[in-house]
Number of protein chains: 2
Amino acid sequence: MSTTRKRGFAHERDLASRFWNYGFAVLRAPASGSKTKRLLYPDLIAIYKGKVLVFEIKTMKKPRSLYIEQNQIKKLVEFADRAGGEAYLAVKVVGSGEWVFIPIYKLEKTEKGTFKVKRDVISEGYRFEALVSIIKGVKKLTDFTKEP
Amino acid sequence: MSTTRKRGFAHERDLASRFWNYGFAVLRAPASGSKTKRLLYPDLIAIYKGKVLVFEIKTMKKPRSLYIEQNQIKKLVEFADRAGGEAYLAVKVVGSGEWVFIPIYKLEKTEKGTFKVKRDVISEGYRFEALVSIIKGVKKLTDFTKEP
């Protein structure tokens, strides 16, 4: 396995452990490249008492806009629809070690059909504790909305 | 990978595909032996609109009683609790190609601490279509209960 690939898995495990430590059931997708890819798998799912979160995971060295293949978004959305859950892009800015979560509906479709997330949309994504609080019902979405 | 192990994965994929074809979101656990095992993973999970099914998978050549390690049951139950889902033992009788599903609470704890499922409990397990109908809310559990 390449170093980059191993590092990717390390980030996935990091996120999986965080959700687990907050009481979620967590499952990562099987390694890609196998026959399992006939089915549509997200990178990670986290479930809390019937509330399902579905993640596509990206890492970046410093804040920037992201482009994601149409197909990856389609599989994420289909999985979330079947599960009755919510699809998020989970982005780790490696330097800061911080995860941010962007709801899939905030992605913009480009003319070429790929999806784009602007840098400022990423920086305004939910932080880990915010997402967990929302899912657990401790806080409402609006508690994390900036005042005008 | 050994032939037995490959065959095991083939059965898991078979079950995953069936649930997928019936509209479920499905995720298999990552291959065991890796660091991922620090977390507790079931063999397979299937989710339909927020209803979560968690499976420990067993195969057998012909109907017989099964014994399962306490630890495997514990991890299955903890995962299901966190997810707010239901835990099942999924048993494939290889000859018949049929899957049966036994709710975890039907397992008996032996004096040694392992769990036992009697042959007749297995043969009275839910068939695939029955389980799917129950989860989708098309039929009630009692529709599949034998008349006295």
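The structure displayed is predicted, hence computed values, not measured ones.

The rules behind the values
- All chains use their own residue numbering, which begins from 1 and follows the written sequence.
- All chains are assigned letters beginning at A, and all ligands numbers beginning at 1, according to the order in which they are written.
- Totals for whole chains, interfaces and linings use every residue, but because this is a predicted model, local features are given only for residues with pLDDT of at least 70 and side-chain atom pairs only at 80 or more, for both listing and counting.
- Excluding hydrogens and water, the side-chain values take into account all heavy atoms of the structure.
- Pairs of strands are assigned from DSSP output, requiring at least two bridges between the strands.
- Numbering of helices and strands runs from the N terminus; a helix is a DSSP stretch of H or I covering at least four residues, while a strand is a stretch of E covering at least two.
- It only takes one pair of heavy atoms within 4.5 Å for two residues to be counted as in contact.
- In this analysis an axis means a line fitted to C-alpha atoms, helices contributing only their contacting stretch, and an angle means the value between N-to-C directions, from 0 to 180 degrees.
- Residue types Ala, Val, Leu, Ile, Met, Phe, Trp, Tyr and Cys, when buried and joined through side-chain atoms within 4.5 Å, form a set referred to as a nonpolar core.
- Think of it in three bands: with a 1.4 Å probe and only protein chains considered, a residue is buried below 20% of the maximum accessible area for its type, exposed above 50%, and partly exposed in between.
- Once two parts are brought into contact, the accessible area they lose, counted with a 1.4 Å probe and summed over both, makes up the buried area.
- Within this document, salt bridges are pairs made up of a side-chain nitrogen of Lys or Arg and a carboxyl oxygen of Asp or Glu, the two lying within 4 Å of each other.
- We define a polar contact as two N or O atoms separated by no more than 3.5 Å, with the added condition that, inside protein, one atom must be a possible hydrogen donor and the other a possible acceptor, whereas residues neighbouring each other in sequence contribute only through side-chain atom pairs.

Draft legend 1. Fine view of the sheet that holds strand β9 (residues 126-127) of chain A. Judged by pairing direction, the sheet is mixed, and its six strands sit side by side in the order β1-β2-β3-β5-β6-β9 (chain A) without closing on themselves. Edge positions in the sheet fall to β1 (25-28) and β9 of chain A, since each of these pairs with one other strand and no more. As paired strands, strand β6 (residues 98-103) of chain A and β9 of chain A are joined by two bridges and run antiparallel to one another. Opposite Val 100 of chain A, over in β9 of chain A, you have Arg 127 of chain A as the bridge partner. Sitting on the sheet, helix α2 (residues 70-83) of chain A touches β2 (44-48), β3 (51-60) and β5 (86-93) of chain A, and the angle it makes with β3 of chain A is about 160°. Lying over the sheet, helix α2 (residues 70-83) of chain B contacts β1 and β2 of chain A, oriented at roughly 110° with respect to β1 of chain A.

Draft legend 2. Spatial organisation of the nonpolar core. Counting 99 residues, the largest nonpolar core has Phe 19, Phe 55 and Phe 101 of chain A together with Phe 19, Phe 55 and Phe 101 of chain B as the members making the most contacts within it. Apart from the residues within four sequence positions on either side, Phe 55 of chain B is in contact with Phe 19, Pro 42, Asp 43, Leu 44, Ala 46, Leu 76, Tyr 88, Ala 90, Phe 101 and Leu 131 of chain B.

Draft legend 3. Up close: the interface of chain A and chain B. Contact residues are listed per partner, giving 31 residues for chain A and 31 residues for chain B. Carbon and sulfur atoms supply 63% of the area that chain A and chain B bury against each other, a total of about 2800 Å² over both sides. Here chain A and chain B share zero salt bridges between them. Between chain A and chain B we count 10 residue pairs in polar contact (both at pLDDT 80 or more) in total.

Draft legend 4. Expanded view of the sheet that holds strand β8 (residues 115-117) of chain B. Residue and element names in this part refer to chain B. A sheet is described by the order of its strands in space; here three strands give the open sequence β4-β8-β7, paired in antiparallel fashion. The strands lining the two open edges of the sheet, one partner per strand, are β4 (66-68) and β7 (108-109). Of the strand pairs in this sheet, β4 and β8 are connected by three bridges, and their pairing is antiparallel. Paired with Leu 66 across the two strands is Val 117, which belongs to β8. α2 rests against β4, β7 and β8 of the sheet, and its axis sits at about 75° to β4.

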